[in-house]
Amino acid sequence: MSHSPSERPKVPTITVGLRPHPSSPDAAVAGSGPVGHLLATMYAAPEGGAVFEFRLDDSRIDRLVVPAPQPSVAADGLWQHTCFEVFLGVPGEPTYREYNFSPSGQWAVYAFQGWRQRVDGFAAEQAPEIQCAHDAGSLVLQARVPAGLLPAVPPGTDLQVSLAAVIERKDGQLEYWAVRHAPAQPDFHARDTFVLTLATATRSQP
């Protein structure tokens, strides 16, 4: 399901560690919660599109709520449970897109014209490919996003990226993880948290 580094395409790959928002349960004491480490990897696919992989390692998966497998269809409200999220923005523009990937295989894509201003009538015309596997100590989700689901920009354009996750615990509490957090409360839409860069694939030369 997930590719080892040696199997991945020869393209720039970024791997970062996500951290819990200070308001998340157990955030003050590292390692005291059910999540040990949460890593996220991304790269632009040579054929177009992008690949995002989220990995929970050294974790106690039996203390988390992992959505059961479902048909891979678009669904709202995935962020209310364990869900991995990607935000892509165009530099210099207020527009951005939000991608939700559930371990169930369900997904959602939203377009925004500004901070939390959803574009009415937007509907994804393609679907991401999601694969997920887990055992007692780890969980890995990989989402392959086709080029048609990315913001419409010229090939090779750098996109601003935020990688995040909502983790649901069996005690009913939610943990909010991201590369960078808004200070007051969890807000994955805050544009100053889009601190990573993804260069979309350039067109191959004849």
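The structure this text deals with has already been given above.
First things first, this report covers the structure right here in the doc. (Residues numbered from 1 in each chain as written. Predicted model: local features only at pLDDT ≥ 70, side-chain atom pairs only at ≥ 80, totals over all residues. Heavy atoms only, no water.)

### A closer look at the overall build of the protein chain
Inference 1: Scanning the protein chain from N- to C-terminus turns up 0 helices and 13 strands.
Inference 2: In terms of C-alpha radius of gyration, the protein chain reaches 16 Å, essentially the compact-globule figure of 17 Å for 206 residues.
Inference 3: By principal-axis analysis of the C-alpha atoms, the protein chain measures approximately 55 × 40 × 30 Å.
Inference 4: Residues classed as buried in the protein chain amount to 46% of the 206 residues present.
Inference 5: Sequence-distant contacts in the protein chain: of pairs separated by 6 or more residues, those separated by 24 or more amount to 65%.
Inference 6: Taken as a whole, the protein chain presents about 10100 Å² of accessible surface, with 52% of it coming from carbon and sulfur.
Inference 7: Here the protein chain contributes 15 positively and 21 negatively charged side chains, and the mean placements of these two sets differ by 3 Å. (Helix = DSSP H or I, 4+ residues; strand = E, 2+ residues; numbered from the N terminus. Rg over C-alpha atoms; globule rule 2.2 N^0.38 Å. Buried < 20%, exposed > 50% of the residue type's maximum accessible area, 1.4 Å probe, protein only. Contact = heavy atoms within 4.5 Å. Areas by Shrake-Rupley, 256 points an atom, 1.4 Å probe, with all protein chains shown as cover. Lys, Arg positive; Asp, Glu negative; His and termini not counted. Charge placed at Lys NZ, Arg CZ, Asp CG, Glu CD.)

### Digging into the side chain of serine 102
Inference 1: For serine 102, the position within the fold is in the loop between strand 6 (96-101) and strand 7 (107-114).
Inference 2: Among the residues examined, serine 102 registers a relative accessible area of 2% and is labelled buried.
Inference 3: Apart from the residues within four sequence positions on either side, serine 102 is in contact with Pro67, Leu78, Thr82, Ile130 and Leu141.

### Comments concerning unusual backbone geometry
Inference 1: Of note, aspartate 58 is a non-glycine position whose phi angle comes to about 50°, a positive value.
Inference 2: Within the secondary structure, aspartate 58 sits in the loop between strand 4 (50-57) and strand 5 (83-89).
Inference 3: In this structure aspartate 58 comes out as exposed when scored by relative accessible area, which is 57%.
Inference 4: Backbone geometry places arginine 116, a non-glycine residue, at a positive phi of 60°.
Inference 5: With respect to the helices, strands and loops of the structure, arginine 116 is situated in the loop between strand 7 and strand 8 (117-118).
Inference 6: Take arginine 116: its relative accessible area is 42%, and that puts it in the partly exposed class.

### Considering the packing of aromatic side chains
Inference 1: The final tally for this structure, using the stated rule, is 8 aromatic pairs.
Inference 2: Taken together, a centroid distance of 6.0 Å and an interplanar angle of 50° make the contact between phenylalanine 87 and phenylalanine 194 tilted. Of this pair, phenylalanine 87 sits in strand 5 while phenylalanine 194 sits in the loop between strand 12 (174-178) and strand 13 (196-199), placing them 107 residues apart in sequence. Phenylalanine 194 carries the same exposure label as phenylalanine 87, and that label is buried.
Inference 3: Ring centres of tyrosine 96 and phenylalanine 194 lie 5.7 Å apart, and the angle between their planes is 90°; on these two criteria the pair is classed as edge-to-face. Residue tyrosine 96 is found in strand 6, and its partner phenylalanine 194 is found in the loop between strand 12 and strand 13; the two are separated by 98 residues along the sequence.
Inference 4: Owing to a relative accessible area of 3%, tyrosine 96 belongs among the buried residues under this scheme.
Inference 5: Take phenylalanine 194: its relative accessible area is 6%, and that puts it in the buried class.
Inference 6: Put simply, the rings of Phe87, Tyr96, Phe112, Tyr176, Phe188 and Phe194 pair up and form one aromatic cluster. (Phe/Tyr/Trp six-rings, centres within 6.5 Å; stacked < 30°, edge-to-face > 60°.)

### With respect to the sheet that holds strand 10 (residues 139-145)
Inference 1: Pairing within the open sheet is antiparallel, and its 5 strands lie in the order 1-3-4-10-9. Each edge of the open sheet is held by one strand with a lone partner, namely strand 1 (14-17) and strand 9 (129-134). Going across the sheet, the axis of each strand differs from the next one's by a mean of 10°, ignoring polarity.
Inference 2: Summarising the sheet, strand 3 (residues 37-44) and strand 4 pair through 8 bridges and their orientation is antiparallel. Of the residues in strand 4, the one forming a bridge with methionine 42 is phenylalanine 52. (Pairing = 2+ DSSP bridges. Axes fitted to C-alpha atoms, helices over the stretch in contact; angles between N-to-C directions.)

### Quick look at the environment of glycine 31
Inference 1: Structurally, glycine 31 is set in the loop between strand 2 (19-20) and strand 3.
Inference 2: For the pair glycine 31 and serine 59, spaced 28 residues apart in the sequence, the C-alpha separation amounts to 9.1 Å.

### Let's talk about the pairing of strand 11 (residues 158-168)
Inference 1: Within strand 11, 9 of the 11 residues are buried, which leaves it mostly tucked inside the rest of the structure.
Inference 2: In this sheet, strand 11 lies alongside strand 5 in antiparallel orientation, the contact comprising 7 bridges. By the bridge assignment, phenylalanine 87 is partnered in strand 11 with serine 162.
Inference 3: Note: strand 11 against strand 13, 4 bridges, orientation antiparallel. When the sheet's bridge partners are listed, glutamine 160 is paired in strand 13 with threonine 197.
Inference 4: For strand 11 and strand 12, the ladder comprises 5 bridges, and the chain directions are antiparallel. Following the sheet pairing, isoleucine 167 is matched in strand 12 by glutamate 175.
Inference 5: Here strand 11 folds back onto strand 12, and the loop between the two strands holds 5 residues, one of which, glycine 172, carries a positive phi near 90°.

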